[in-house]
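# Survey of secondary and tertiary structure
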Amino acid sequence: MKLHEYQAKELFHRYGIAVPHSHLVRSIEETGQAADALAGSCIVKAQIHAGGRGKVGGVVRVKTSRQARDAARRLLHRPLVTAQTGPHGLPVNSLLVEEIIPVARELYLSLTLDRSSGRYCLIASAQGGVDIEQTARNTPERVSRLTIDPLIGLRAYHARGVARFLGLDGPLAKEAVELILALNRCFLDRDASLVEINPLVVTEEGHLLAMDAKVSIDDSALFRQKEVADWRDETQFDPLEVRAARSDIAYIKMDGRIGCLVNGAGLAMATLDMLSECGGKPANFLDVGGGADQDKVVEAFRILLEDPAVEGILVNIFGGIMRCDLIAASLIAAAKEVGCSLPIVVRMAGARRKEGRQLLEQAELNIVWQDKLASAAAAIVRQLSPAP
Amino acid sequence: MAILIDRHSRIVVQGLTGSSGRRHGLLCRDYGSQVVAGVTPGKGGMNIDGIPVFDTVAEAVELCQADVSMIFVPPPAAAEAILEAGDAGIRLAVCITEGIPVQDMVLVNRALGDRSMRLIGPNCPGLITPGQCKVGILPSDIHRPGPIGVVSRSGTLTYEAVQQLSNAGLGQSTCVGIGGDPIIGTSFIDVLAMFNDDADTEGVFLIGEIGGAAEEEAAIWIRQNMRKPVAGYIAGVTAPPGKRMGHAGAIVSGGSGRAADKIAALRNSGVEVAENPALMAEVMQKALRSADIAGHDS
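A quick note: this is a predicted structure, and the numbers were derived from the prediction, not measured.

To continue, consider the overall build of chain B. Broken down by element type, chain B carries nine helices and 14 strands. Computed over its C-alpha atoms, the radius of gyration of chain B comes to 19 Å, within 12% of the 19 Å expected for a compact globule of 298 residues. Its C-alpha atoms put chain B at 60 × 40 × 30 Å along the principal axes. At a minimum sequence separation of 6, the contacts of chain B that also span at least 24 residues come to 74%. Of the roughly 10700 Å² of accessible surface on chain B, a fraction of 50% belongs to carbon and sulfur atoms. The averaged location of the 31 negative side-chain charges in chain B is 3 Å from the averaged location of its 23 positive side-chain charges.

Next comes the structure, spelled out in structure tokens:
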């Protein structure tokens, strides 16, 4: 789960990591007042769950509260499209109005999981404010990666080594050690999967400060991270994604017009790949999960039908834990309940497949049965193609 | 021979008294697996359909000679269940649980480095040696005994592959679901190495997906070490970047973890990779045929 910049900075502040003075605002009026409080000169930053804001006018440096209000008028309550948001962008519902801080140097610091070693690692670079992956590709010697043994943890001597790598000495080195250890505490306490400060700046006054902040929380740990879990901003997701999540259905909105309902994440991905291979475009990824009951399947089906882009549906079920006849009964119940007239292609394999097929064929619905994945994908693509 | 489990494996189910644990514990026993004990703290002394339940894994090992554990413990306590199995002298733990916090798995992974127990999973369907033993939730009836080793990060996609293989007359030595989480106990390479040394395995089918670099690492290992033909399939060619596709580990981030790169790496190592999921058995047959031809040539 991603946090907004202002939420990440709130966390940093609580762990003693310096961040710029700022005000979170939700209207043009509030933006003007916040800019006044900072004597006019400030930075106005759109709060969305994506990077790349600076390049598309989502981060604006202003000199007066009038300019701040203009920026707010332009940004608030409309989507901001960046390189990371996809074509529809993400809605800007709040702005962070921050003081301007004179900067001497820009550095990079983050903690994240290294999947290959199964351990956390601390990544640092004296080259901040730019894409770290690019720095690592082009000049790997400028990026330090420290893998942390979880039985020992991140210690002060590790942090001293990193401070030295960043070229910090004297009181700044001491400040860096404290900051790195605080960042690590925040990371572990909050079950983060990423904490990133880019740039971490050395101010002209000679102090360290987190100019930007990116934090993601491990979704699997939200059950024990109640406070942070409550910070979820549902406006940053597709409404159907939010609804699916409530029923514990893995759903991702995509750009095509074929709705997909599959059990199992791997099979769901494979089904999308198969559709594309046949020239079809999926409207979504949807995994109802292994142990889904009838209610869950009905809700999954409703979600597909609420997407106005969906013109046909492909159901692919491999019955194991989940029996095909149960899915068939749920599909029939859902289609009747919502009055579905769209073409549906159903492919089922595994446990109680025959019984499932029988149920579907007896129901008076617009359902085509297919035995194989390839023919099922081809069938739904064919049905949606304009007649010659 | 097969790998990891056979008819002699003695299984304890951690979480046997829960609904999934009970259901699948009994299904494994129906398949022929020796399910000798269950463990649920506080419920020692009960029995589930004749299977004795203990408070600790140590008792199941001492009194029932359990050597394999199947874990159905909910996420908040699952990491501890794995550690308990490791300290009790279990040889192989298979953790089905989905949704264990990453931080817990970082610690488990590190702790198991000092112990002799192997962990499969978490967030996996388990494994099966057809005709002998099943430890997990895989549907029994699609599997046939035979010469193909199967290793996969997925669940239902593995069943799809197995059904295609069985229908094509290619039975399986052992099928191993290694799990869809970012941190798992047993990697593709671990399982490939076991299949490489297993007399009953003549070829391997590998099912990967987007996220991480485990397939790329496996590709390098295959090129350097694998003596048997390998075919495979990678799911997620059409997955949008930055989105978690159901499995916690299935995400393309910052240009890494892409399906196209994994497919290219595997093909570079001589692996036959299916263009789409309908062709899984076909590429396996093709890999076996070309290995056979190569074998005759030399």
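The next subject is the layout of surface pockets. By volume, the second largest pocket is sized at about 410 Å³. In terms of lining, the second largest pocket is formed by 22 residues, of which the most central are Arg115(A), Ser116(A), Ile184(B), Ser187(B) and Glu217(B). Secondary-structure elements contributing two or more residues to the lining of the second largest pocket are α6 (188-196) and α7 (214-225) of chain B. In terms of residue count, the dominant contributor to the lining of the second largest pocket is α6(B) (three residues). Considered class by class, the residues forming the lining of the second largest pocket number eight nonpolar, nine polar and five charged.

A few words on the interface of chain A and chain B. Between chain A and chain B, the residue contacts involve 46 residues of the former and 51 residues of the latter. For the chain A and chain B pair, buried surface summed over both sides reaches about 3800 Å², with 60% attributable to carbon and sulfur atoms. Applying the counting rule to chain A against chain B returns five salt bridges. Close ionic contact of Asp149(A) with Arg110(B) constitutes a salt bridge, the shortest N to O distance being 2.8 Å. If you look at where chain A meets chain B, you find 14 residue pairs in polar contact (both at pLDDT 80 or more). Here the side of chain A that touches chain B gets 10 residues from one element, more than from any other, and that element is helix α9 (residues 265-277) of chain A. Class assignment for the residues of the side of chain A that touches chain B results in 23 nonpolar, 11 polar and 12 charged.

Residue and element names in this part refer to chain A. Within strand β2 (residues 42-46), five of the five residues are buried, which leaves it mostly tucked inside the rest of the structure. The side-chain alternation of β2 yields two buried faces, one formed by Cys42, Val44 and Ala46 and the other by Ile43 and Lys45. As judged from the five bridges shared by β2 and strand β6 (residues 95-99), these two strands associate in the antiparallel manner. Looking across to β6, one finds that cysteine 42 is bridged to glutamate 99. By the bridge criterion, four bridges tie β2 to strand β3 (residues 59-62) in an arrangement that is antiparallel. What sits directly across from cysteine 42, in β3, is valine 62.

Residue and element names in this part refer to chain B. Partitioning chain B into domains gives domain 1 (10-120) and domain 2 (139-297). For domain 1 and domain 2, the distance between their C-alpha centres works out to 27 Å. Both sides of the domain 1 and domain 2 interface together cover about 910 Å² of buried area, and 57% of this is carbon and sulfur. Per-residue buried area on domain 1 facing domain 2 is highest for Tyr31, Arg118 and Ile120; these three make up 47% of the total on that side. Between domain 1 and domain 2 we count one salt bridge in total. The closest approach of N and O atoms between arginine 118 and aspartate 190, which form a salt bridge, is 3.6 Å. The interface formed by domain 1 and domain 2 contains two residue pairs in polar contact (both at pLDDT 80 or more). Of the residues that constitute the side of domain 1 that touches domain 2, the class distribution is seven nonpolar, one polar and two charged.

Further remarks concern the nonpolar core. If you look at the biggest cluster of nonpolar residues, it comprises 100 residues, and the most contacted ones within it are Phe285(A), Val135(B), Val176(B), Phe205(B) and Met245(B). Per element, the largest residue contribution to this core is eight residues, and it comes from α9(A). Those residues in contact with Met245(B) that sit more than four places away from it in its chain are Ile252(A), Ala265(A), Met269(A), Leu272(A), Phe285(A), Ile210(B), Ala239(B), Pro240(B) and Ala250(B). Core analysis: the next-biggest nonpolar cluster, separate from the first, contains 73 residues, Ala159(A), Leu179(A), Phe54(B) and Ala60(B) among them.

Rules used throughout
Residues numbered from 1 in each chain as written. Chains lettered and ligands numbered in written order. Predicted model: local features only at pLDDT ≥ 70, side-chain atom pairs only at ≥ 80, totals over all residues. Heavy atoms only, no water. Helix = DSSP H or I, 4+ residues; strand = E, 2+ residues; numbered from the N terminus. Rg over C-alpha atoms; globule rule 2.2 N^0.38 Å. Contact = heavy atoms within 4.5 Å. Areas by Shrake-Rupley, 256 points an atom, 1.4 Å probe, with all protein chains shown as cover. Lys, Arg positive; Asp, Glu negative; His and termini not counted. Charge placed at Lys NZ, Arg CZ, Asp CG, Glu CD. 1 Å grid on protein atoms, 1.4 Å probe; cavity = no way out; pocket = protein on both sides within 12 Å on 5 of 7 lines; lining within 4 Å. Points joined across faces, edges and corners; volume = space filled by probe spheres on them. Nonpolar A, V, L, I, M, F, W, Y, C, P; charged D, E, K, R; others polar. Buried area = accessible area lost by both parts, 1.4 Å probe. Salt bridge = Lys/Arg side-chain N within 4 Å of Asp/Glu carboxyl O. Polar contact = N/O pair within 3.5 Å; in protein donor to acceptor, adjacent residues only side chain to side chain. Buried < 20%, exposed > 50% of the residue type's maximum accessible area, 1.4 Å probe, protein only. Pairing = 2+ DSSP bridges. Domains from an automatic or database assignment. Core = buried A, V, L, I, M, F, W, Y, C linked by side-chain atoms within 4.5 Å.

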